[in-house]
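# Close look at the chain arrangement
Here is what each chain is made of, one letter per residue.
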Amino acid sequence: LKGKTAIIMGGGSGIGKATAEQFAAAGANIMVCGVPEQICLDTAEELRAAGGKAVGMVCDGTDANQVQAMIDKTVAEFGDIDILISTAGISLPRMNAMDATVARFMKEKGHGGKMVLISSQRGISAMENIALYSITKAAVMGMVRSLAVDFAPYGITVNGIAPGYVMTPMVEKV
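These lines cover the structure that appears in this document, whether it is placed above or below. (Residues numbered from 1 in each chain as written. Predicted model: local features only at pLDDT ≥ 70, side-chain atom pairs only at ≥ 80, totals over all residues. Heavy atoms only, no water.)

### A short note on the overall build of the protein chain
- Helix and strand content of the protein chain: six helices and six strands.
- Counting from the amino terminus, the protein chain carries its helices and strands in the arrangement β-α-β-α-β-α-β-α-β-α-β-α.
- The C-alpha atoms of the protein chain give 21 Å as radius of gyration, which overshoots the globular expectation for 174 residues (16 Å, by more than 25%).
- If one aligns the C-alpha atoms of the protein chain with their principal axes, the spans along those axes are about 65 × 40 × 25 Å.
- Partitioning the contacts of the protein chain with sequence separation of at least 6, the portion at a separation of at least 24 is 59%. (Helix = DSSP H or I, 4+ residues; strand = E, 2+ residues; numbered from the N terminus. Rg over C-alpha atoms; globule rule 2.2 N^0.38 Å. Contact = heavy atoms within 4.5 Å.)

This is the structure we're talking about:
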């Protein structure tokens with residue numbers, strides 16, 4: 001990895017920090033980014049103190065402006081981007097999905113219910129030039145599995161359907 005430049009999103013702690021340490025030890029230039037900013041700055045400083053080449057900054061991956069600023073800073077500092085590793089994630093308070101969905105009504109009526117969420121075959125197998133669509137459809141499939149676990153004790157079944165192409169007006173356009 002000597003001379004390669006790696007962006008480690010979520011690199012300030014946990015798996016991301018351990019990854020940044022290993023990459024720096026192998027000679028890579030490291031952009032440590034994520035939230036909160038201070039842990040990214042601290043990790044970058046630790047990497048430099050150990051002899052590595054690293055910079056840190058805030059970058060909320062859901063904010064396009066922050067992502068662009070991070071890319072710009074990485075290129076300005078190291079001249080290139082060779083590797084992206086995203087370990088970014090958040091730890092939310094644990095809660096049953098029942099507390100955030102219409103399933104509460106089904107639970108309260110006492111005799112369960114059924115939910116069907118429509119995904120797409122593109123959530124299973126990728127296709128060129130539709131990555132963002134495929135990602136959202138894969139997320140729907142993950143949601144089906146998660147909701148099924150949370151709702152099963154209340155007699156609410158959750159299923160997903162992932163059809164291939166169906167000749168709808170939207171598909172006719174493409």
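### Structural notes on the packing of helix α1 (residues 14-25) against helix α2 (residues 37-49)
- The geometry of α1 relative to α2 is characterised by a closest axis approach of 10 Å and an angle of 25° between their N-to-C directions. What the angle tells us is that α1 and α2 run roughly parallel. Remark: the crossing between α1 and α2 carries right-handed chirality. Where α1 approaches α2, its residues Lys17, Ala20, Glu21 and Ala24 are matched on the opposing element by Thr43, Glu46 and Leu47.
- Class assignment of the residues belonging to the contact of α1 with α2 gives a composition of three nonpolar, one polar and three charged. (Axes fitted to C-alpha atoms, helices over the stretch in contact; angles between N-to-C directions. Parallel < 35°, antiparallel > 145°, perpendicular 65-115°, else oblique. Left-handed = near helix turned anticlockwise from the far one by under 90°. Nonpolar A, V, L, I, M, F, W, Y, C, P; charged D, E, K, R; others polar.)

### Observations concerning helix α5 (residues 131-151)
- In this model α5 runs 30 Å from its N-terminal to its C-terminal C-alpha over 21 residues, within 8% of the 30 Å that 1.5 Å per residue would give.
- The complete set of buried residues in α5 reads Ser134, Lys137, Val140, Met141, Val144, Leu147 and Phe151. Seen from one end, α5 has its buried residues packed into an arc of 150°, which puts them on one side. Pointing more than 90 degrees away from the buried face of α5 are the exposed residues Ala131, Leu132, Ile135, Arg145 and Val149.
- Check the buried side of α5 and you find it contacts α4 (103-109), β5 (113-118) and β6 (156-161). (Expected span 1.5 Å × (residues − 1). Buried < 20%, exposed > 50% of the residue type's maximum accessible area, 1.4 Å probe, protein only. Arc of directions from axis to C-beta.)

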